[in-house]
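Okay, here's what each chain looks like letter by letter:
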Amino acid sequence: MAQTPWVRDELLLALALVVDNGWRELRQQDSRVVELSGLLRSLPLHEDAVADPRFRSPNSVSRKTTDIVTAHPDHLGETTKGGRPTQKIVADYLERPDAILAAARALRHVMDSGELHRIPPQPDETDESGELSSLEGRLLVRLALYRERDRGLRELKLRQIRRLKQPIACEVCSFDFGTTYGPLGVGYVEVHHVTPLHAIGPRETRLDDLALLCANCHRMCHRSHAGKTWRTPADLREAMHGVSIHGAS
Ligand SMILES: [Zn+2]
Ligand SMILES: [Zn+2]
């Protein structure tokens with residue numbers, strides 16, 4: 001059976017273990033490797049591969065820790081063939097260690113809660129190319145997208161906005177579906193989780209974590225670009241502002 005390539009979510013967890021071990025590889029007998037092997041085999045990512053006992057076995061996890069250690073630019077001597085995603089996560093870790101470790105912690109936490117197993121894959125959890133090289137991996141994106149679509153939360157958010165006498169309109173560009181489309185558009189708006197789960201930690205969603213957006217601005221908030229799969233409405237507003245200043249010069 002062909003080996004299943006390691007994806008970002010799995011690499012996050014393996015890298016966090018290497019960091020925890022003082023940036024040294026771990027042996028397959030190590031209890032932390034055995035534990036991680038079990039966790040990786042339970043992730044809702046490669047369900048077809050789990051029938052193969054070699055899939056993410058302690059031996060394969062141990063080898064991955066070696067790949068990660070030898071992908072570090074300060075490593076002297078032989079490099080094992082970790083592949084591009086492994087090199088990328090090491091580079092990302094060196095650039096933003098706190099964000100990478102926070103994502104690994106958040107993923108562990110939501111796996112412990114069992115919440116991910118109740119959520120089907122979300123249609124837009126990967127980008128147009130079907131790939132995702134985001135910092136936080138695919139499963140945390142899945143959870144956040146799922147939470148945004150929660151009808152109960154959406155209703156509570158709209159009630160909050162009405163109570164504050166704010167318009168049901170896009171917080172970035174002010175687009176109002178009702179004004180443009182008439183009765184068809186009245187009350188329509190999309191709800192967006194402002195801060196990614198890897199940044200705030202996997203706590204329950206609060207109403208203030210949610211923003212109202214039009215469909216275009218919502219897409220742009222989620223679009224993979226320059227290594228980021230997520231930008232806040234404030235980031236997007238700033239980007240639009242930059243474009244209009246540029247256009248005027
Ligand atoms: Zn908008
Ligand atoms: Zn969103």
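Conventions we followed
Residues numbered from 1 in each chain as written. Chains lettered and ligands numbered in written order. Predicted model: local features only at pLDDT ≥ 70, side-chain atom pairs only at ≥ 80, totals over all residues. Heavy atoms only, no water. Donors = N, O, S within 2.8 Å, 3.2 Å for Na, K, Ca; no water. Tetrahedral: all angles 85-135°; square planar, octahedral: opposite > 155°, others 65-115°. Helix = DSSP H or I, 4+ residues; strand = E, 2+ residues; numbered from the N terminus. Phe/Tyr/Trp six-rings, centres within 6.5 Å; stacked < 30°, edge-to-face > 60°. Buried < 20%, exposed > 50% of the residue type's maximum accessible area, 1.4 Å probe, protein only. Domains from an automatic or database assignment. Core = buried A, V, L, I, M, F, W, Y, C linked by side-chain atoms within 4.5 Å. Contact = heavy atoms within 4.5 Å. Pairing = 2+ DSSP bridges. Salt bridge = Lys/Arg side-chain N within 4 Å of Asp/Glu carboxyl O.

Caption draft 1: Just the coordination of the zinc ion (ligand 1), in detail. Surrounding the zinc ion (ligand 1) are the protein donor atoms Cys170 (SG), Cys173 (SG), Cys214 (SG) and Cys217 (SG), which sit 2.3 to 2.4 Å from the metal. In this structure, the zinc ion (ligand 1) is surrounded by 4 donor atoms whose angles at the metal cover 103 to 114 degrees, and the resulting shape is tetrahedral. All donors of the zinc ion (ligand 1) come from a single chain, and their spacing in sequence reads C-x2-C-x40-C-x2-C. Of the two residues, Cys170 sits in the loop between helix H7 (151-163) and helix H8 (177-181) while Cys217 sits in helix H10 (residues 215-222), which places them 47 residues apart along the sequence.

Caption draft 2: How the structure looks around the packing of aromatic side chains. Applying the stated criterion across every chain, the model contains 5 aromatic pairs. With a centroid separation of 4.9 Å and an interplanar angle of 80 degrees, the aromatic rings of Phe175 and Phe177 are classed as edge-to-face. Among the residues examined, Phe175 registers a relative accessible area of 26% and is labelled partly exposed. For Phe177, a relative accessible area of 10% gives the class buried. Centroid distance Phe177 to Tyr188: 4.8 Å. Interplanar angle 80 degrees. Geometry classified as edge-to-face. Residue Phe177 is located in helix H8, and its partner Tyr188 is located in the loop between H8 and strand S1 (190-193); the two are separated by 11 residues in the primary sequence.

Caption draft 3: Main features of the coordination of the zinc ion (ligand 2). Taken together, the protein donors to the zinc ion (ligand 2) comprise Glu148 (OE), Glu148 (OE), His192 (ND1), His218 (NE2) and His222 (NE2), at separations of 1.9 to 2.4 Å. Written as a sequence motif, the donor arrangement for the zinc ion (ligand 2) is E-x43-H-x25-H-x3-H. Within this pair, whereas His192 is found in strand S1, its partner His222 is found in helix H10, the two being separated by 30 residues in sequence. Residues His192 and His222 agree in their burial class; the two are buried.

Caption draft 4: Structural context of the domain arrangement of the protein chain. Entries for the protein chain in the domain assignment read domain 1 (8-95) and domain 2 (145-248). If you average the C-alpha positions of domain 1 and of domain 2, the two centres end up 36 Å apart.

Caption draft 5: The nonpolar core, seen in detail. Ranked by internal contacts, the top residues of the largest apolar core, which has 35 residues, are Leu13, Leu15, Leu36 and Leu107. Elements represented by at least two residues in this core include exactly helix H1 (8-20), helix H2 (31-42), helix H3 (58-70), helix H4 (84-95), helix H5 (97-113) and helix H6 (137-148). Counting residues per element, this core draws most heavily on H5, at 8 residues. Look past the residues within four positions of Leu36 in its chain and what remains in contact with it is Leu13, Ala14, Leu17, Val61 and Arg108.

Caption draft 6: Just the environment of Leu11, in detail. By secondary structure assignment, the location of Leu11 is in helix H1. Residues Leu11 and Val34 lie 23 residues apart in sequence; the distance between their C-alpha atoms is 16 Å. The residues contacting Leu11, other than those within four sequence positions of it, are Trp6, Lys64, Ile68, Pro85, Thr86 and Ile89.

Caption draft 7: Representation of the pairing of S1. The alternating pattern of S1 places Glu190 and His192 and Val191 and His193 on opposite faces, both of which are buried. The sheet contact formed by S1 and strand S2 (residues 210-213) spans 4 bridges and is antiparallel. Across the sheet, residue His193 finds its bridge partner in S2, namely Leu210.

Caption draft 8: Representation of the environment of Val141. Inspection of the secondary structure assignment puts Val141 in helix H6. The class for Val141 is buried, based on a relative accessible area of 4%. Separated by 81 residues in sequence, Val141 and His222 have C-alpha atoms that sit 9.5 Å apart. Ignoring sequence-local partners within four residues, the contact set of Val141 consists of Glu125, Ser134, Glu136 and Trp230.

Caption draft 9: A look at the pattern of salt bridges. Under the counting rule described, the total for this entry stands at 11 salt bridges. As a salt-bridge pair, Arg108 and Glu35 come within 3.1 Å of each other at their nearest N and O atoms. Separated by 73 residues along the polypeptide, Arg108 in helix H5 and Glu35 in helix H2 bring together distant segments of the chain. Judged by relative accessible area, Arg108 falls into the partly exposed class, the value being 32%. Overall, Glu35 belongs to the partly exposed group, its relative accessible area being 41%. Between Lys64 and Asp67 there is a salt bridge whose closest N-O contact spans 3.2 Å. Separated by 3 residues within a single helix, Lys64 and Asp67 lie in helix H3, roughly one turn from each other. Per residue, the accessibility class of Lys64 equals that of Asp67, and both read buried. One continuous salt-bridge network, built from bridges that share partners, spans Arg8, Lys88 and Asp92.

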